[in-house]
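Observations on the three-dimensional arrangement
These are the residues of each chain, in order.
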Amino acid sequence: CRDGNIRMIKVSISDSTNPVLILDTHLEPVSSWEDDWDQMVPPQLDPDQPAFILYRLDEKDSSEGFLWILLSWSPDHAHTRQKMLYASTKATFKKEFGAGQIKDDYYFNLMEEITLTGYKRHLAVEAAPGPLSRQEEEMKEIKESESRVEINVDTKHNTLSALAFPFKSEALAAVSSYGAGVCDYVQLAIDTATEEVVLATSGACTTAQLAAQVPEESARYHLFRFKHNHQGDYKESDVFIYSMPGYSVPIKERMMYSSCRNAVVDVIEKTLNIPLEKKLEVDNGSELTEEYLQGELHPVVSLNRPKFSKPPGPSRGNKRITKAPA
């Protein structure tokens, strides 16, 4: 390790009664650390088994020793006991190897995060300025409103209230076709790797078919034209639906969809000029019935409101007759 003949080391914890650290794999360098990364790191990971990976950089410290990155792989589907065991062992492992030789410590639980692109995204986040105080946030908001910088659907940006990702051209075209009346349903998704809003599907869809369009294992945005009758009048209502199945969806995906929701609505309403009569959030497609949509768009107003009855005053007992003084 110290002389630079090793590029990557994979270490696991045994499943025995007395767990010990064991060497799984070690690989020699082929090219630069960036060129070797995607060829070496992702293929060594088990999608259901945590592991430690030490990855050597080409950079050296002041004592001419190579610097390393400690990668902690803890997939969501791993057994809870395994994840706890690796988390409790990490500090000891880092100390035994030599904490001074470790330049960066990177924790990840999704396969797309372990690519070189994912690691560089982590570095960019770490290098970002820290959180602002309330006064600094207010000043920043004032400056942004005064600058009046135009932001369109091709721009990726953060605001104080939401996260916005650019729309792929296919997604924009589908929503525009919906606005022109060409189709009655558009489903949008977020590509978590490229951080873009993409088209999942679009076309004709009736209310009876709507529930089947909602995925059970991933979040989605839906734009649906609800055709119905209300009080004898035929109506077509544009409804935005945000479906989130719950905790079966990875935390990162839940955060992305939740943060981007308002920005997606803004593109539909303000950029593409499609007024939305109702914005809904559901856990699964079975909620999207004719009765539910009718109730959300046209809530029943009760005209027979109970009148407020004044409570009786406190009892003072029977009145007493007093004689006037003679």
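1. Some remarks on the overall build of the protein chain
Regarding its fold elements, the protein chain presents eight helices and twelve strands. By the burial criterion, 38% of the 326 residues in the protein chain qualify as buried. Considering only contacts in the protein chain between residues 6 or more positions apart, those separated by 24 or more positions represent 58%. For the protein chain, the accessible area works out to roughly 20400 Å², and carbon and sulfur atoms hold 51% of it.

2. Section: the sheet that holds strand β4 (residues 66-73)
Hydrogen bonds between backbone atoms are what pair the strands of a sheet, whose relative direction is either parallel or antiparallel. Read from one edge of the open sheet, five strands run β2-β1-β3-β4-β5, paired in mixed fashion. Of all the strands in the sheet, the pair left with one neighbour each is β2 (21-27) and β5 (102-108). Geometrically, the sheet is characterised by an average inter-axis angle of 20° between neighbouring strands, direction not taken into account. Packed on one face of the sheet, helix α2 (residues 80-97) meets β1 (8-13), β2, β3 (51-60), β4 and β5 and runs near 35° to β3.

3. What to know about the packing of aromatic side chains
Tallied over the entire structure, the rule returns 14 aromatic pairs. Each ring, one from Tyr221 and one from Tyr242, has its centre 5.8 Å from the other, and the planes form 40°; the classification is tilted. Of this pair, Tyr221 sits in strand β10 (residues 220-230) while Tyr242 sits in strand β11 (residues 233-243), and the two are 21 residues apart along the sequence. When sorted by exposure, Tyr221 lands in the same class as Tyr242, which is buried. Feature note: the residues Trp33, Trp37, Tyr55, Trp73, Tyr106, Phe108 and Tyr119 constitute an aromatic cluster, connected by ring pairs. Just above the ring of Phe66 sits the side chain of Arg56; from NZ or CZ to the centre is 4.3 Å. The cationic tip of Arg225 hangs over the ring face of Tyr178; the distance from NZ or CZ to the ring centre is 4.2 Å.

4. Details of the pairing of β11
For β10 and β11, the ladder comprises eleven bridges, and the chain directions are antiparallel. For Asn229, the partnering residue across the bridge sits in β11 and is Tyr234. The antiparallel hairpin formed by β10 and β11 contains two residues in its connecting segment, where Gln231 sits at a positive phi of about 50°. Pairing geometry for β11 and strand β12 (residues 278-282), over five bridges, is parallel. Counterpart to Tyr242 in the pairing with β12 is Glu281.

5. Quick notes on the side chain of Ser72
Position of Ser72 relative to the elements: it lies in strand β4. The exposure class of Ser72 is buried, given its relative accessible area of 6%. Filtering out sequence-adjacent residues up to four positions away, Ser72 remains in contact with Ala51, Phe52, Lys90, Asp105, Tyr106, Tyr107 and Phe108.

Criteria and thresholds
Residues numbered from 1 in each chain as written. Predicted model: local features only at pLDDT ≥ 70, side-chain atom pairs only at ≥ 80, totals over all residues. Heavy atoms only, no water. Helix = DSSP H or I, 4+ residues; strand = E, 2+ residues; numbered from the N terminus. Buried < 20%, exposed > 50% of the residue type's maximum accessible area, 1.4 Å probe, protein only. Contact = heavy atoms within 4.5 Å. Areas by Shrake-Rupley, 256 points an atom, 1.4 Å probe, with all protein chains shown as cover. Pairing = 2+ DSSP bridges. Axes fitted to C-alpha atoms, helices over the stretch in contact; angles between N-to-C directions. Phe/Tyr/Trp six-rings, centres within 6.5 Å; stacked < 30°, edge-to-face > 60°. Lys NZ or Arg CZ within 6 Å of the ring centre and 35° of its normal.

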